[in-house]
Amino acid sequence: MLITDEIKTKLYSDFHGKILGYIQSRVNNPVLAEDLCADVFLKVYEKLDTFDEKKASISTWTYTVARNTLTDFYRTRRVTEEIPETYADGSDVEESVISAEMLDVLADALEALPERERDIIVLRYYSGQTLKDIGQKLGISYAYVKQLHNKALAQMRDFFE
Amino acid sequence: MLIMEKRLKALFDYQRFEKNSRLADIVEQTESRYKVELSDEELFLVNAAGEINTDKEKPLS
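Scoring rules and cut-offs
- Residues numbered from 1 in each chain as written.
- Chains lettered and ligands numbered in written order.
- Predicted model: local features only at pLDDT ≥ 70, side-chain atom pairs only at ≥ 80, totals over all residues.
- Heavy atoms only, no water.
- Helix = DSSP H or I, 4+ residues; strand = E, 2+ residues; numbered from the N terminus.
- Buried < 20%, exposed > 50% of the residue type's maximum accessible area, 1.4 Å probe, protein only.
- Areas by Shrake-Rupley, 256 points an atom, 1.4 Å probe, with all protein chains shown as cover.
- pLDDT = per-residue confidence, 0-100.
- Contact = heavy atoms within 4.5 Å.
- Salt bridge = Lys/Arg side-chain N within 4 Å of Asp/Glu carboxyl O.
- Axes fitted to C-alpha atoms, helices over the stretch in contact; angles between N-to-C directions.
- Parallel < 35°, antiparallel > 145°, perpendicular 65-115°, else oblique.
- Nonpolar A, V, L, I, M, F, W, Y, C, P; charged D, E, K, R; others polar.
- Phe/Tyr/Trp six-rings, centres within 6.5 Å; stacked < 30°, edge-to-face > 60°.

What follows is about the overall build of chain A. Scanning chain A from terminus to terminus reveals 8 helices and 0 strands. Secondary structure elements in chain A, listed N-terminal to C-terminal, are α-α-α-α-α-α-α-α. Per-residue burial for chain A yields a buried fraction of 47% across its 161 residues. Carbon and sulfur atoms provide 50% of the accessible area of chain A, an area that totals close to 8,200 Å².

Bringing the overall build of chain B into the picture now. When you go through chain B residue by residue, the secondary structure sums to 3 helices and 0 strands. Element order for chain B, N to C, with α for helix and β for strand: α-α-α. Sorting the 61 residues of chain B into buried and exposed places 52% on the buried side.

Turning next to unusual backbone geometry. Residues and elements named next belong to chain B. Even without being a glycine, lysine 19 presents a positive backbone phi close to 55 degrees. Take lysine 19: it is sitting in the loop between α1 (2-18) and α2 (21-34). Lysine 19 sits in the partly exposed class, given a relative accessible area of 30%.

All right, on to the confidence of the model for chain B then. Residues and elements named next belong to chain B. In the predicted model, chain B carries a mean pLDDT of 76, and 56% of its residues have values of at least 70. Mean pLDDT in chain B bottoms out at helix α3 (residues 40-49), which sits at 60, and peaks at α2, which reaches 95. Within the model, the stretch residues 51-61 combines pLDDT values under 50 with 27 contacts to residues more than four positions away or in other chains. Here the complex is predicted with pTM 0.81, and the ipTM for its interfaces comes to 0.87.

Glancing now at the pattern of salt bridges. Summed over the entire model, instances satisfying the criterion amount to 10 salt bridges over all chains. With a shortest N-O distance of 2.8 Å, aspartate 13 of chain B and arginine 26 of chain A are connected by a salt bridge. Separated into two different chains, aspartate 13 of chain B in helix α1 and arginine 26 of chain A in helix α1 (residues 5-26) make up a pair that spans both. Each of the two residues, aspartate 13 of chain B as well as arginine 26 of chain A, counts as buried. The residue aspartate 119 of chain A makes a salt bridge to arginine 33 of chain B at a minimum N-O spacing of 2.8 Å. Of the two residues, aspartate 119 of chain A sits in helix α6 (residues 115-125) while arginine 33 of chain B sits in helix α2, which places them in two different chains. A residue is classified by how much of its surface remains accessible, and aspartate 119 of chain A, at 0% relative accessible area, is buried.

Next up on the list: the packing of α1 of chain A against α1 of chain B. Interaxial distance between α1 of chain A and α1 of chain B falls to 7 Å at its minimum, and their mutual angle equals 130 degrees. Between α1 of chain A and α1 of chain B, the crossing angle belongs to the class labelled oblique. Along the contact surface, α1 of chain A presents Phe15, Lys18, Ile19, Gly21, Tyr22, Ser25 and Arg26 of chain A, while α1 of chain B presents Asp13, Arg16, Phe17 and Glu18 of chain B. Residues belonging to the contact of α1 of chain A with α1 of chain B are distributed by class as follows: 4 nonpolar, 2 polar and 5 charged.

Moving on, we come to the packing of aromatic side chains. Under the defined criterion, the tally for this structure stands at 10 aromatic pairs over all chains. Measuring from centroid to centroid gives 5.4 Å for tyrosine 22 of chain A and tyrosine 63 of chain A, while their planes differ by 70 degrees, and the two rings are edge-to-face. Taken together, the residues span a long stretch of sequence, with tyrosine 22 of chain A in helix α1 and tyrosine 63 of chain A in helix α3 (residues 58-77) at a distance of 41 residues. Here the aromatic rings of tyrosine 22 of chain A and phenylalanine 17 of chain B are separated by 6.3 Å at their centres, their planes lie at 75 degrees, and the arrangement is edge-to-face. One end of the pair, tyrosine 22 of chain A, is in helix α1; the other, phenylalanine 17 of chain B, is in helix α1, on a second chain. Each of the two residues, tyrosine 22 of chain A as well as phenylalanine 17 of chain B, counts as buried. Grouping aromatic residues by their ring pairs yields a cluster made of Tyr22 and Tyr63 of chain A together with Tyr14 and Phe17 of chain B.

If you want it as structure tokens, here you go:
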């Protein structure tokens, strides 16, 4: 596949905002975020001939490149520290699981939960809080928050099958 | 459960990229109810990167 300047310009136009916004949500240093965003685009251009639209959308693929760039950044920057769980645990999730449509499924699943269970899932998996901290926030015991968490996961699983 | 947890982590991370409006509303409602403080993971990210982005507490803007 011939990667023309026109294709690069289109990719930059379509994804610069998303990539930079994503990196800024994870790296709270504007200059560093811009540098990493530039790194992502270099990789996108270099690897574009490996993109397979049968496996993932261009948006998902671009996100994966950005995510891998951040993972590499944290691994090389803090090699003696534990890698944030978002970048350690989720790396083996298949690209096919990640799509814009699946975000709607996730929204459906969350909306079907009682408010307290929904809050537990959001605080745990979006905000990165521990169940212990969530229990304190909600004013319930760790054992009970764990029970509600497991119940919510079981209910949500039905939406993803 | 482990697969479901990995899937949720992956999808919520992708949400930071894709910014689904329905999901953003759900997150905003939860965060406003509990006034989310920086988690250990977020503190790690701040420490590694340098400075605190106060927009972090706001919904996916």
